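Letter by letter, the chains look like this.
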Amino acid sequence: MTKVAVVFAPGCEEVEGLSIVDVLRRMGIETTMVGLEGIKVPGAHGIELTCDQTLDDHLLDYDLVAFPGGRGGAEKLRDNERLAKLMRERNRQGKWDAAMCAAPIALAKYGLLDGRDYTCFPGINEEVDRLAKDAHFKEMITVVDQAGKIVTSRGPATALAFAYQIAEVLGYDTKQIKHEMLYDYLMDQR
């Protein structure tokens, strides 16, 4: 069975992380909320999140690990050495990882965006460029770097697209869930 972990750090963008959890659980994908520093995580907008567990070495067991953004949360993800070590090992093992909004700064600091295609919140790419060697910023809703097994996205409004993209790289068909959640309707109205 496919397993996904979403790592929540204090100051995270609640909607970004919860959109991933919501979409994947609706699809029947085992999705675990992991607190970086504890079970209770204060989000950037005063919403306290209750995670299923806290960060430990089991992060290596997941098929994909996702980071929501939010400047404060992204900085905590970026600066956590234990998390960095686990994420580098995941990358070495060829596992998928994902980050959106400001969180690609964490992947950049870990060395996981070196020479990779990515996207992020406008302006965050300047920090990523300082941290990652030859990273290629793309102005797209979501970006998949197949070789690096990295999925990235832009910000709160792109959270559903990000969640669907995560499911798709893991081999799931998202046509039905997009229809059930009226995402196809939304895209047709543009």
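Above this note sits the structure.
Residues numbered from 1 in each chain as written. Predicted model: local features only at pLDDT ≥ 70, side-chain atom pairs only at ≥ 80, totals over all residues. Heavy atoms only, no water.

(A) Representation of helix 1 (residues 14–26) in the model. The first and last C-alpha atoms of helix 1 sit 18 Å apart over 13 residues, in line with the 18 Å expected at 1.5 Å per residue. Residues of helix 1 that are buried include every one of Glu14, Glu16, Gly17, Ser19, Ile20, Val21, Val23 and Leu24, and no others. Against the buried residues of helix 1 lie strand 1 (3–8), strand 2 (30–35), strand 4 (48–50), strand 6 (64–67), strand 7 (96–100) and helix 6 (159–169). Phi turns positive one or two residues past the end of helix 1, at Gly28, with a value near 85°. (Helix = DSSP H or I, 4+ residues; strand = E, 2+ residues; numbered from the N terminus. Expected span 1.5 Å × (residues − 1). Buried < 20%, exposed > 50% of the residue type's maximum accessible area, 1.4 Å probe, protein only. Contact = heavy atoms within 4.5 Å.)

(B) Molecular detail of the nonpolar core. Leu59, Phe67, Leu77 and Tyr110 are the most contacted members of the largest nonpolar core, which totals 33 residues. Contributing elements (two or more residues each) for this core: strand 1, strand 6, helix 2 (71–79), helix 3 (81–92), helix 4 (104–109) and helix 5 (124–131). Leave out the neighbours within four places in its chain, and Leu59 touches Ala5, Val7, Val65, Leu83, Leu86, Met87 and Arg90. Among the nonpolar cores identified, the runner-up in size contains 32 residues, and Phe8, Met33, Ala163 and Tyr183 belong to it. (Core = buried A, V, L, I, M, F, W, Y, C linked by side-chain atoms within 4.5 Å.)

(C) A look at the pairing of strand 2. Taken across its six residues, strand 2 has five buried, putting it largely inside the fold. Pairing analysis gives six bridges linking strand 1 to strand 2, with the strands arranged parallel. Bridge pairing in strand 2 links Phe8 to Gly35. For the handedness criterion, the β-α-β arrangement of strand 1, helix 1 and strand 2 is classed as right-handed. Bridge count for strand 2 against strand 5 (residues 53–54) is two bridges, and the pairing is parallel. When the bridges of strand 5 are listed, Val34 appears paired with Gln53. (Pairing = 2+ DSSP bridges. Right-handed = clockwise from strand over helix to strand, strands pointing away.)

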